[in-house]
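Examining the three-dimensional arrangement
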Amino acid sequence: MDVLRLVNLGVEVDGKKILENVNLYIQKGQTFVLFGPNGSGKSSLLMSIIGNPKYKIYDGRIIFKGQDITYAPTDERVKMGMGIAFQNPPKIGGVKLIDVLKHCAKLGGTEDKIEEFAKLLGMEDFLHRDLNVGFSGGEVKRSELLQLMLLNPDFVMLDEPDSGVDLENIAIIGEAINKLLERDKPAEERRKAGIIITHTGHILNYVDADYGVILYKGKIVCMGNPFDLLKDISEFGYEGCVKRCLRRF
Amino acid sequence: MPEEILKERLESVGIEMDPKKRSGSFLLLDQDVKSVAKFMEGLEIMPIKRALEKYDWLEDYLWKAVKVKDEFTREVEEDFNGYFIRALPNAKVEIPVEACLYLSKVKKQKVHNIVIAEEGSEINIISGCTSHPKAMGMHIGVSEFYVKKNAKLTFTMIHSWSEDIEVRPRSGVIVEENGTYISNYVLLTPAKLVQMYPTAYLKRNATAVFSSIVVAFKNATIDMGNKAVLMEKGSSAEIISRTISKGGRVIARGHIVAEVPEVKGHLECRGLILDEGEILAVPELEAKCPNVDLSHEAAIGKIAEDEIFYLMSRGMTQDEATATIIRGFMEIDIKGIPPALKREIDKAIELAERELL
C-alpha cells in the first residue's frame, strides 16, 4: 500500500515555480534518498509535503495514507503520521526543548521514552534550554531527531541530517535514523517509510536506503539504486549524471 | 460587596489569605485597612498610620525615596493609607508576605507604603493590586523601599485592574551597601491607564534587578519603565521588560545612570505586537564618567510565521503554537526568585494566555 503518493505536483513560492510535475510513490517500509544540487528543490519538496504555508501548490495532489491532504494544515498531517526534521529550524526564545518533547511524546505515545531517547542522542543537558537557541549545528540535528523519535511518525522526512555533523556524532545520528525508519528490523517487518535529503551522501555509510532519486531544476530526473546513483554523482557530477539518466529513459 | 468577587479578584493577583502559604497578610479595601495578620517572627506588618504613631524615626523615611513632585504625589501627601512592612535585622522571611490593595467604590484610592529590609535580612513580598470588575476610579500608590546593608528584598507586584481604572504608582528604592533589590512586575489584564516609573538608588556594591511583563489590551495606555541610579562603586542594575500590545499603546522605558566609575548596567526591552497596537521602546543609558559598563538591547516584532509553522510540524494547532510562542516570550529567567513567587507569575501568565489569542 502506498504511504505517500505525489501526483503531478507543482509548487510555487512568491509566484515562482520551484517544483514541476513531480510524481513519487512511496510504500510502507521503503526509504528514499533525495539527491540534487543546491537549489534544485529538495527542501521545497519536503516543505510542500509537510504543508509549509509559504509553498503554494498550483498543480497536482498529495495523497497520504489514501487521503488527499493537498490543502490540509501541517498539524493535521502530523497527526496523521508525518514527521520532519528540519535543516535549519528557527530558534524560539523562552520555549524549552522539554516542553516541545513532551508535546511530541504525547502525540507519539512515547511519554516513557523521553529520557531514553535524549540519552541516546546525547541531549540530556539540553532539555531545559531554549529551543535551538545557542545550539551548534550538530546539536540542532540531534534535537530534531529527538523530537521526531518521540513523535514516532509513520512517514519520516529528514532534511540533510548529516550536514555539519562531526564524525563522532554521525554514527549516533545514523543509529537514530535507523531506529526511526526501522532499518534495524528485517525488511518484511518494516512499516515505516521516509525520505532523506543528503547533499554529501555521508549518511549512506550508516543508513541503508532502498531507492535514490535525483531532483534537478524542480523535476525528478533519475531514480535507481541509491548507492549506484551516489557513485555516478561523484563520478560525473549532477549534470553528467542527469544526462546519463535521461539517455536511459 | 459579595465576598466571592473579592476572593476571586484577590486570587487573580496571587493573594491566598492562607497562613500556611504566607508569612503575613495585609488588605486595604478602598481607603480602609480590612485586615492585617502576621504569622512569623522577625516580621512587622501594620497600617502605615499606626506605624507612624509607633515609631518616631519612621518620619525620616517618609518621602525620602520618593519625592513629592507632581499632582498625584501631592494628593497622597494630603490623605493616605497603606502598609508598613519591615524585616527585622537578620530575619529571613522566606515565605512571602502578601499585601493587597483593592479598589471598589472610591474615586481615588490614595496609598502610601513603606517597606524596610533591615541589615542582613531577607524578605519576599507579593503585592496584588486589583479592583472590583465594575469599579471606576484612580489608584495612586506611593511605595518607598529601603534595603539596608547586606539585605535582600524581593518585591513581586501583580496588577489586575478593570477597564476603567487609572493607575499611577510612584515608587522609589534605596539600596544600601551589598544590598539586593529584585522587582517583578506583572500586568496581564485590561486597564485604562498605567503610568509608573519606579526608581532605584544604589550604593556601594548594591544590586537591583527589575523585570516586567506587561500586556496592553485595546484602549489601554501603559507607560511604564524603570530607572536605576548607580551612585557608588560596584553597584549594578538590570532592567528587563517584555511588553505585548494587543491593540493598546505601550511605552516601555528604561534608564540607567552611571554616576561613578566601576559600575555595571544592562537594559533589555523586547516588544511583541499581536494583530495591532503600538509599542514605543525608550532605552536610555547615561554615563557621567569613564570606566563604566552600560549596555542595552531593544527589539520589537511580531510572531514569526516560521516559528508557528515549526511548532505545527510537531503537531500543535496554530493556536497552540501561537500560545506557546507568546508564553515563551513572557518567560523571563528571574534570578533569585523563590518558587512560590514564580508560581504566582506563571499562574498570571496562564490566565492571560486565553485572552491573548
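Bear in mind that the values here come from a model prediction, so they are computed numbers and not experimental data. In every chain, residue numbers begin from 1 and rise along the written sequence. The order in which chains are written sets their letters, starting at A; the order in which ligands are written sets their numbers, starting at 1. It should be noted that, the model being predicted, local features are given only for residues of pLDDT at least 70 and side-chain atom pairs only at 80 or more, the latter also being counted only at that level, while totals for whole chains, interfaces and linings use all residues.

It is worth spelling out the overall build of chain A at this point. Helix and strand assignments follow DSSP, with helices taken as H or I runs no shorter than four residues and strands as E runs no shorter than two, numbered in order from the N terminus. Scanning chain A from N- to C-terminus turns up 7 helices and 12 strands. Residue burial is a threshold on neighbouring C-beta atoms within 10 Å of the residue's own C-beta, all placed from the backbone, with 20 or more meaning buried, 12 or fewer meaning exposed, and counts in between meaning partly exposed. Looking at chain A as a whole, 46% of its 249 residues are labelled buried. Within chain A, contacts between residues at least 6 apart in sequence are counted, and of these 71% link residues at least 24 apart. By definition, residue pairs are in contact when their C-beta atoms, positioned from the backbone, come within 7 Å.

When helices and strands are tallied, chain B shows 6 helices and 20 strands. In summary, chain B has a C-alpha radius of gyration of 20 Å against a globular reference of 21 Å for 357 residues, a match within 12%. When its C-alpha atoms are laid out on the principal axes, chain B stretches across 65 × 60 × 40 Å. When burial is assessed residue by residue, chain B has 52% of its 357 residues classed as buried. With C-alpha atoms as the basis for the radius of gyration, the globule rule is written as 2.2 Å multiplied by the number of residues raised to the power 0.38.

Below, the discussion takes up the pairing of strand β13 (residues 199-202) of chain B. All names here are of chain B. Side chains T199 and Y201 project from β13 onto one buried face, and the interleaved A200 and L202 project onto a second face that is buried too. The pairing criterion is simple: DSSP has to find at least two bridges between the two strands. Judged from the 4 bridges that link them, strand β10 (residues 165-175) and β13 form a sheet pairing that is parallel. Within the sheet, the bridge partner assigned to V175 lies in β13 and is L202.

All names here are of chain B. Among buried residues, those of type Ala, Val, Leu, Ile, Met, Phe, Trp, Tyr and Cys that are joined through C-beta atoms within 7 Å form a set called a nonpolar core. V173, L202 and A208 are the most contacted members of the largest nonpolar core, which has 183 residues in total. Sort the elements by how many residues they give to this core and strand β14 (residues 207-217) lands first, with 8 residues. With near-sequence residues (within four places) excluded, V173 lies in contact with A65, F145, V147, Y181, P198, A200, Y201 and A208.

On to the confidence of the model for chain B, then. Residue and element names in this part refer to chain B. The predictor reports its confidence for every residue as pLDDT, a score running from 0 up to 100. Chain-level statistics for chain B give a pLDDT mean of 92 and a share of 99% at 70 or above. Element-level mean pLDDT values for chain B span from 78 in helix α6 (residues 339-356) up to 98 in β13. Overall fold confidence (pTM) sits at 0.87, and the ipTM for the predicted complex is 0.96.

Okay, the sheet that holds strand β9 (residues 155-159) of chain A next. Residues and elements named next belong to chain A. Spatially, β6-β9-β10-β3-β11-β12 is the arrangement adopted by the 6 strands of the open sheet, whose pairing is mixed. Two strands close off the open sheet at either side, each with one partner strand: β6 (82-85) and β12 (219-224). For this sheet the average axis-to-axis angle between neighbouring strands, irrespective of direction, equals 20°. Packing of helix α1 (residues 42-50) onto the sheet brings it into contact with β3 (31-35), β6, β9, β10 (193-197) and β11 (211-216), and relative to β9 it is tilted by some 145°. Every axis corresponds to a line fitted to the C-alpha atoms, with the helix fit spanning only the stretch in contact, and the corresponding angles, defined between N-to-C directions, vary from 0 to 180 degrees.

By convention, interface size is frequently given as the accessible area that disappears when the constituent parts associate. Across the contact, 21 residues belong to chain A and 16 residues belong to chain B. Elements that contribute at least two residues to the side of chain A that touches chain B include exactly α2 (74-79), β7 (92-96), α3 (97-108) and α5 (137-151) of chain A. Polar here means any residue other than Ala, Val, Leu, Ile, Met, Phe, Trp, Tyr, Cys and Pro, which are nonpolar, and Asp, Glu, Lys and Arg, which are charged; Gly is therefore polar. Here the side of chain A that touches chain B is composed, by residue class, of 13 nonpolar, 6 polar and 2 charged.

The subject of this paragraph is the sheet that holds strand β5 (residues 67-68) of chain A. Residue and element names in this part refer to chain A. Across the sheet, 4 strands lie side by side as β2-β1-β4-β5; this open sheet has antiparallel pairing. The open sheet has two edge strands with one neighbour each: β2 (16-27) and β5. Alignment of strand β1 (residues 2-13) against β2, held across 8 bridges, turns out to be antiparallel. Among the inter-strand pairings, V13 is bridged to a residue of β2, identified as K16.

Here we come to the packing of helix α5 (residues 318-330) of chain B against α6 of chain B. Residues and elements named next belong to chain B. Relative to each other, α5 and α6 sit at 135°, their axes nearing to 10 Å. With respect to each other, α5 and α6 are oriented oblique. Classified by chirality, the crossing of α6 by α5 is right-handed. Taking contact as the criterion, the partners of A323, I326, R327 and M330 in α5 are, on α6, I349, E353 and L356. Oblique is the label for any angle not covered by the other classes, which are roughly parallel (under 35 degrees), roughly antiparallel (over 145) and roughly perpendicular (65 to 115). Rotating anticlockwise by less than a right angle from the far helix to the near helix defines a left-handed crossing, while the corresponding clockwise rotation defines a right-handed one.

Okay, helix α4 (residues 305-312) of chain B next. Among the 8 residues that make up α4 of chain B, 6 are buried, leaving the element largely enclosed by the rest of the structure. All buried positions along α4 of chain B are accounted for by E307, I308, F309, Y310, L311 and M312 of chain B. On its buried side, α4 of chain B packs onto α2 and β7 of chain A together with α5 of chain B.

Turning next to the environment of S211 of chain B. All names here are of chain B. Positionally, S211 belongs in strand β14. Overall, S211 belongs to the buried group, with 23 C-beta atoms counted inside 10 Å. In sequence terms S211 and Y61 are 150 residues apart; their C-alpha atoms lie 25 Å from each other.

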